[in-house]
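Residue-level structure breakdown
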Amino acid sequence: MQDATESYGRQASALPSPPDPRRWWMLGVLSLALFLIILNNGLLNVALPSLMRDLHAGIGTTQWIVDGYALVFAACLLTAGTLSDRYGRKRATLLGAALFGVGTLIALAARDAGQLITARTVMGVAAALVMPGTLSILVNVFPEAERPRAIAVWGATSALGVAAGPVLGGALVAHFWWGSVFLVNLLPVAVVLVAGALLLPESAAPVPRPADPVGAVLGSAAMVGLVYGAIHASGEGWTSAPVLGSFAAALLAGAGFAGWERRHPSPMVDFALLRRPAFLGAGAGNMLLFSGMSGTLFVLTQFLQSGLGYSPLRAGLSVAPVAVAVGAGSALSPWAARRTGPRGAVAGGLAVSALGILSLARADNYPGVLLSLCLMGTGVGVALAPATDAVLALVPPERSGNAAALNDTMQELGNALGVAVVGTVLARESGSHLTGGAPGDRVAAAAPAGFTAAAAIVALGAVLSATLLKGPAREPAPAPVSAADSEEGTPPRPPTAHRDAAA
């Protein structure tokens, strides 16, 4: 009888603890932190003309002001995710939020381009520390039944940040000076620091992984090369020396990273994941979704100004309904995943999004644009949460920070590649239309080709997801073992969490 009591006690301790009643407040804090760092990807773009004038900065310098954030952000994500698993996700998130505030203050005080580039670099490092924690803490505080809904909110927040950057930036620059775009960071940073310190739980890997500085350097170098080449490919050409050199450096660093990590006792990236059809389907779907969305918004903001004659502020506001559509799609996402499984939700959402983007190629007035944006946003919202959930389902909770960072890295790479690929198509087509005409007329005439390219990218994601992502995102958790079972000598089974997606 004593053995049965001890066995039952062991089983009770293995059962999952009740969910934290404050978890939805925690999600609010995590979503605010995520919104802030995604918002800053596009917040500064509309301020470039006045910034160039006030800081006497040339085009090359302003590229570093804008791109420095994205480059450092993408380069540090994998390392930041590993560090958060090792030292604590709450600690990394709060440290990143504080550092983001420091970078914002440096930007507000900047008097020359060099100081502003420094500020954007600091903010990029900070964003990399924050972003993996927003997803890995979510995974650890929400029970499996509620997790899809929570990830849907997380995904909608990310898409909202993409759409809100140009809108908010345009409104501020229209009424204030260029530095006002950074003022919006201060209140969210303060809220995240205070509320996060009070609400967020600390979690980390139970057995700290050994440090891997060589892997961190090689992985960061590979990401810098990829993102830098993608950012500059549309402007300088895919065959230009800087772009080819950047991709070659990324290839060399990536090969070195893969070779080093395969011999490391605790690699930053589990390369077995790359051979899993479920990971490839969900990860590629996620990356191509962000790639198509970023490429679409890149073309659309130009089309609204060149083709429909909108001001920059009006063009930004006209794009805003996509955020509402993403929210609506995110609300439908858990229902769609339950009814069709992750494959149906991800592939179906991507297909709807591709259809919406393709319909933009035929839109010649704002009602047509609005309908297309609603289709695109709804598809994004439906697909994003189950794709993200399927990626995280492939790793145990103690590696959730690293998996979240890998997911986020693919999204950032998708953003850069989308603008690069679609921008290249737009530049090529605008050169073949209305030779000698105004640049705006050429861009408006070439916009359908850009939208078609973006739709093709998302459609490819739908095909890959439908082909590779099969079965449920997680195996069902085993039934609790009763005391009677324990008395008969049956060992208790640990609860299932983050199991494979069936392939």
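Cut-offs and rules
Residues numbered from 1 in each chain as written. Predicted model: local features only at pLDDT ≥ 70, side-chain atom pairs only at ≥ 80, totals over all residues. Heavy atoms only, no water. UniProt positions renumbered as here; feature names shortened; annotations may be inferred. Helix = DSSP H or I, 4+ residues; strand = E, 2+ residues; numbered from the N terminus. Buried < 20%, exposed > 50% of the residue type's maximum accessible area, 1.4 Å probe, protein only. Contact = heavy atoms within 4.5 Å. Salt bridge = Lys/Arg side-chain N within 4 Å of Asp/Glu carboxyl O. Axes fitted to C-alpha atoms, helices over the stretch in contact; angles between N-to-C directions. Left-handed = near helix turned anticlockwise from the far one by under 90°. Core = buried A, V, L, I, M, F, W, Y, C linked by side-chain atoms within 4.5 Å. Expected span 1.5 Å × (residues − 1). Bend = angle between axes of the 7 residues up to and from the residue. pLDDT = per-residue confidence, 0-100. Phe/Tyr/Trp six-rings, centres within 6.5 Å; stacked < 30°, edge-to-face > 60°. Lys NZ or Arg CZ within 6 Å of the ring centre and 35° of its normal. Nonpolar A, V, L, I, M, F, W, Y, C, P; charged D, E, K, R; others polar. Polar contact = N/O pair within 3.5 Å; in protein donor to acceptor, adjacent residues only side chain to side chain.

As recorded by an unreviewed UniProt entry, the protein chain carries the name MFS transporter and is attributed to Streptomyces sp. 900105245. UniProt annotates the protein chain under Subcellular location (unreviewed entry) with the comment "Cell membrane".

Looking only at helices and strands, the protein chain features 18 helices and zero strands. Each of the 503 residues in the protein chain was classed as buried or not, and the buried ones make up 52%. Look at the contacts in the protein chain between residues 6 or more apart in sequence, and 83% of them connect residues 24 or more apart.

The subject of this paragraph is the pattern of salt bridges. All chains considered together, the criterion is met by two salt bridges. With a shortest N-O distance of 3.9 Å, Glu202 and Arg91 are connected by a salt bridge. Pair noted here: Glu202 is in the loop between α9 (186-199) and α10 (213-236) and Arg91 is in helix α5 (residues 89-109), with a separation of 111 residues, a long-range link. Judged by its relative accessible area of 52%, Arg91 falls in the exposed class.

Right, let's talk about the packing of helix α2 (residues 23-42) against helix α7 (residues 147-175) for a bit. Geometry of a packed helix pair, given as the angle between the helix axes and the separation of the axes. Closest axis-to-axis distance for the α2/α7 pair is 7 Å, and the angle between their directions is 30°. Handedness of the α2/α7 crossing: right-handed.

Let us now look at the nonpolar core. Ile37, Phe100, Leu116 and Leu300 are the most contacted members of the largest nonpolar core, which has 128 residues in total. Look past the residues within four positions of Ile37 in its chain and what remains in contact with it is Tyr69, Phe73, Phe100, Ala127, Val130 and Met131.

Between its first and last C-alpha atoms α7 spans 41 Å; for 29 residues at 1.5 Å apiece the expected length is 42 Å, and the two agree. Taken as a whole, α7 carries its principal kink of about 40° at Ala164; the proline Pro166 stands between one and four residues after it.

This part takes up the environment of Thr452. Positionally, Thr452 belongs in helix α17 (residues 439-468). Along the chain, Thr452 and Leu360 lie 92 residues apart, while their C-alpha atoms are 8.4 Å from each other. If we skip the residues at most four places from it in the chain, Thr452 touches Leu358 and Ala361.

So, about the side chain of Ser180. Within the secondary structure, Ser180 sits in helix α8 (residues 180-183). Once residues lying within four places of it in the same chain are set aside, the contact partners of Ser180 are Leu172 and Val173.

By the secondary structure assignment, Arg338 is in helix α14 (residues 321-360). Arg338 gets classed as exposed once you look at its relative accessible area, which sits at 65%. Between the alpha carbons of Arg338 and Pro386 there is a distance of 9.9 Å; along the sequence they are 48 residues apart.

This brings us to the confidence of the model for the protein chain. On average, residues of the protein chain carry a pLDDT of 79, and 82% of them reach 70 or more. Within the model, the stretch residues 1-15 combines pLDDT values under 50 with 12 contacts to residues more than four positions away or in other chains. Here residues 472-503 is modelled with pLDDT under 50, and outside its nearest four sequence neighbours on either side it reaches 67 contacts, counting other chains as well.

Further remarks concern the packing of aromatic side chains. Throughout the structure, instances matching the rule amount to six aromatic pairs. Taken together, a centroid distance of 6.4 Å and an interplanar angle of 50° make the contact between Tyr310 and Tyr366 tilted. Separated by 56 residues along the polypeptide, Tyr310 in the loop between α12 (277-306) and α13 (312-319) and Tyr366 in helix α15 (residues 366-392) bring together distant segments of the chain. When its relative accessible area of 11% is taken as the criterion, Tyr310 is described as buried. Of the aromatic side chains, those joined through ring pairs into one cluster are Tyr69, Phe73 and Phe100. The side chain of Arg314 reaches across the aromatic face of Tyr310, ending 3.8 Å from its centre.

Before going further, it helps to spend a moment on the packing of α2 against α9. Relative orientation of the contacting elements α2 and α9 amounts to 150°, with a least axis distance of 10 Å. Crossing hand, α2 versus α9: left-handed. In this structure, α2 uses Trp25, Met26, Val29, Leu32, Ala33 and Leu36 to contact α9, whose residues at the interface are Pro188, Val189, Val191, Val192, Ala195, Gly196 and Leu199. Taken together, the residues of the contact of α2 with α9 sort by class into 12 nonpolar, one polar and no charged.

For α12, which comprises 30 residues, the first-to-last C-alpha distance of 43 Å matches the rise-based estimate of 44 Å (1.5 Å per residue) to within 8%. Counted residue by residue, α12 has 23 buried out of 30 residues, so it is predominantly covered.

Attention now goes to the side chain of Thr134. Relative to the assigned elements, Thr134 resides in helix α6 (residues 113-141). Overall, Thr134 belongs to the buried group, its relative accessible area being 0%. Here Trp154 takes part through its side chain, which lies 3.1 Å from a polar atom of the side chain of Thr134. With residues up to four places along the chain from it excluded, the contact list for Thr134 reads Leu30, Ala33, Leu34, Thr93 and Trp154.

Another point: the environment of Ala98. Along the chain, the position of Ala98 falls in helix α5. Each C-alpha atom, one on Ala98 and one on Leu193, is 7.0 Å from the other, the two residues being 95 residues apart in sequence.

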